[in-house]
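Chain by chain, the residues:
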Amino acid sequence: MSIQELQHIITEELFFFEKEPEAGQANQESNHTSETEKPKTLPKTVHIDGVTPPKEELKPEPLSVRGKFEKGILVLHEEEQLRPEVMEMLVNMINAVGHSMNEVGLLSSKELEGRTLAELYDLNAHIVLKFGRLKHPINALPASDYQIHTEGETEYLFADALTTISEEKALKGKLWNTLKILFNISKK
């Protein structure tokens with residue numbers, strides 16, 4: 001347990017002794033004190049509130065997604081900024097599966113860098129669409145590109161970078177076929 005956790009359990013004041021006196025030395029000191037009748041000094045008090053917590057315990061700001069993220073659809077993309085034509089393709093793709101961009105949250109690889117999988121799970125996304133390479137532990141999930149992977153109540157779809165997909169018609173078709181399965185779209 002850390003000192004911060006202990007402060008909630010131990011409510012009494014604690015004392016820190018820098019060095020344990022030896023048995024013979026303690027008797028000499030008590031005799032010497034009574035002879036000279038000097039008042040005892042209290043040991044050094046350590047205040048728990050004043051202790052600086054280790055850096056690992058400082059929690060970074062929670063992940064902040066761009067967009068309203070109303071339906072728990074999370075789009076993770078490799079590009080730091082999506083070019084207008086790539087963004088337009090993404091909007092059209094989301095609309096084609098019966099959703100709007102209000103229902104989607106966006107995170108770039110740069111925003112995810114240095115974050116844990118637990119922080120990503122804390123967003124409580126129901127569908128995660130990962131496009132391209134990310135510097136994040138999500139890559140460890142056993143998901144193949146253009147295949148739907150389900151873990152708990154979350155469905156994952158990994159694919160190439162949005163920029164690459166926007167430039168290659170074959171990849172657009174491959175992505176569309178997988179999205180139809182993921183979002184349960186049937187031909188009408």
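Quantities reported herein were computed from a predicted structural model and do not represent experimental measurements.

A. Seen up close, the overall build of the protein chain. A count of helical and extended segments in the protein chain gives seven helices and five strands. When the helices and strands of the protein chain are read in sequence order from the N terminus, they spell out α-α-β-α-β-α-α-β-β-β-α-α. Within the protein chain, contacts between residues separated by at least 24 positions form 72% of all contacts whose residues are at least 6 apart in sequence. Here the protein chain has roughly 13,100 Å² of accessible surface; of this, 51% comes from carbon and sulfur atoms.

B. Examining the confidence of the model for the protein chain more closely. With 69% of its residues at a pLDDT of at least 70, the protein chain reaches an overall mean of 80. At the level of individual helices and strands, the protein chain shows its lowest average pLDDT in helix α2 (residues 23-36), which scores 53, and its highest in strand β3 (residues 127-131), which scores 95.

C. Molecular detail of helix α3 (residues 84-96). With 13 residues, α3 extends 18 Å from end C-alpha to end C-alpha; this agrees with the ideal 18 Å at 1.5 Å per step. Among the residues of α3, those classed as buried are V86, M89, L90, M93 and I94. Buried residues of α3 fall within an arc of 130° about the axis and therefore sit on the same side. Pointing more than 90 degrees away from the buried face of α3 are the exposed residues P84 and E88. Taken together, the buried residues of α3 touch β1 (73-77), β2 (104-108), β3, α6 (162-167) and α7 (169-182). Immediately downstream of α3, the backbone of G98 shows phi near 85°, a positive value.

D. Fine view of the packing of aromatic side chains. Within this structure, the stated rule accounts for one aromatic pair. Considering the side-chain rings of Y156 and F158, the 6.5 Å spacing of their centres and the 90° angle between planes classify their relative orientation as edge-to-face. Of the two residues, Y156 and F158, both sit in the buried class.

E. Highlighting α7. In this model α7 runs 20 Å from its N-terminal to its C-terminal C-alpha over 14 residues, within 8% of the 20 Å that 1.5 Å per residue would give. Buried residues in α7 make contact with α3, β3, β4 (148-151), β5 (154-159) and α6. At the exit of α7 stands N184, carrying a positive phi of roughly 55°.

Rules behind the numbers
Residues numbered from 1 in each chain as written. Predicted model: local features only at pLDDT ≥ 70, side-chain atom pairs only at ≥ 80, totals over all residues. Heavy atoms only, no water. Helix = DSSP H or I, 4+ residues; strand = E, 2+ residues; numbered from the N terminus. Contact = heavy atoms within 4.5 Å. Areas by Shrake-Rupley, 256 points an atom, 1.4 Å probe, with all protein chains shown as cover. pLDDT = per-residue confidence, 0-100. Expected span 1.5 Å × (residues − 1). Buried < 20%, exposed > 50% of the residue type's maximum accessible area, 1.4 Å probe, protein only. Arc of directions from axis to C-beta. Phe/Tyr/Trp six-rings, centres within 6.5 Å; stacked < 30°, edge-to-face > 60°.

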